[in-house]
Amino acid sequence: MMPEEPTGAGDDGATSPEQRQASYDEIVWLSTLKAANRMGITTRTLYRFIDRGDLPAYRFGRVIRLRLSDVDSFVEQCRVEPGSLEHLYPEARLSDLDEVPETADDA
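First, a word on what this report is: a plain description of the structure on this page. These numbers were taken from a predicted model, which means no experiment stands behind them.

If you tally the helices and strands in the protein, you get 5 helices and 3 strands. Start at the N end of the protein and walk to the C end: the helices and strands fall as α-β-α-α-β-β-α-α. Evaluated residue by residue, the protein yields a buried proportion of 14% over its 107 residues. Counting only contacts in the protein whose residues sit at least 6 apart along the sequence, the fraction spanning at least 24 positions is 42%.

Okay, here's the thing in structure tokens:
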């Protein structure tokens, strides 16, 4: 005998969590504090990302919530590509050269 599909009319206990997960993806909501902590930033920085439109957020009455999947996607988009930070340490690039360029003082 096959188990019945939930009708959504309050029979949530009739199926196992695995069966419910197979039929729909449940949204995991984070408060702004939990989202900021997950990202390792302050809530002020989080609000700046939200206000600039970089990170989607939702207002439910007086509270703001973020989807866990949106936060994780945003974190992945912020990944630093190797070799993209050379502008932060230009003096170190000279030590990487085989030959140091001659200056007018050496002549």
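So much for the structure itself; the text now carries on.
Our focus in this paragraph is the sheet that holds strand 2 (residues 58-60). Pairing in this open sheet of 3 strands is antiparallel, and the strands run 1-3-2 from one edge to the other. Each having just a single partner strand, strand 1 (29-31) and strand 2 make up the two edges of the open sheet. On average, each strand axis in the sheet is tilted by 45° relative to the strand beside it, whichever way the strands run. Here 3 bridges tie strand 2 to strand 3 (residues 63-67), and the two strands are oriented antiparallel to one another. Paired with Tyr-58 across the bridge in strand 3 is Arg-65. Packed on one face of the sheet, helix 2 (residues 32-39) meets strand 1 and strand 3 and runs near 90° to strand 1.

This brings us to the pattern of salt bridges. Under the criterion given, the structure shown has 4 salt bridges. A salt bridge links Arg-52 to Asp-54, with the shortest nitrogen-to-oxygen separation between them at 2.6 Å. A relative accessible area of 53% means that Arg-52 is categorised as exposed. Under the relative-accessibility criterion, Asp-54 is labelled partly exposed at 32%. Among the salt bridges present, the one from Glu-76 reaches Arg-79, with a minimum N-O distance of 3.3 Å. Here Glu-76 falls in the partly exposed class, since its relative accessible area comes to 48%.

Time to look at the packing of helix 2 against helix 4 (residues 68-77). When two helices pack together, their arrangement is captured by the angle between the axes and the distance separating the axes. Running from N to C, helix 2 and helix 4 point in directions that differ by 30°, and their axes come no closer than 11 Å. By the angle between their axes, helix 2 is roughly parallel relative to helix 4. The hand of the helix 2/helix 4 crossing is right-handed. Here Ala-35, Arg-38 and Met-39 of helix 2 lie close against helix 4, whose contacting residues are Leu-68, Val-71, Asp-72, Phe-74 and Val-75. A breakdown of the residues in the contact of helix 2 with helix 4 according to their chemical character gives 6 nonpolar, no polar and 2 charged.

In this structure, Leu-30, Ala-35, Ala-36, Met-39, Leu-46, Phe-49, Ile-50, Leu-55, Leu-66, Val-71 and Phe-74 together form the largest nonpolar core, which totals 11 residues. Mapped by element, the contributors of at least two residues to this core are helix 2, helix 3 (43-52) and helix 4. Excluding anything up to four places from it in sequence, Phe-74 contacts Met-39, Phe-49, Asp-54 and Leu-55.

Scoring rules and cut-offs
- Residues numbered from 1 in each chain as written.
- Predicted model: local features only at pLDDT ≥ 70, side-chain atom pairs only at ≥ 80, totals over all residues.
- Heavy atoms only, no water.
- Helix = DSSP H or I, 4+ residues; strand = E, 2+ residues; numbered from the N terminus.
- Buried < 20%, exposed > 50% of the residue type's maximum accessible area, 1.4 Å probe, protein only.
- Contact = heavy atoms within 4.5 Å.
- Pairing = 2+ DSSP bridges.
- Axes fitted to C-alpha atoms, helices over the stretch in contact; angles between N-to-C directions.
- Salt bridge = Lys/Arg side-chain N within 4 Å of Asp/Glu carboxyl O.
- Parallel < 35°, antiparallel > 145°, perpendicular 65-115°, else oblique.
- Left-handed = near helix turned anticlockwise from the far one by under 90°.
- Nonpolar A, V, L, I, M, F, W, Y, C, P; charged D, E, K, R; others polar.
- Core = buried A, V, L, I, M, F, W, Y, C linked by side-chain atoms within 4.5 Å.

Any functional reading would require information that these geometric values do not contain.
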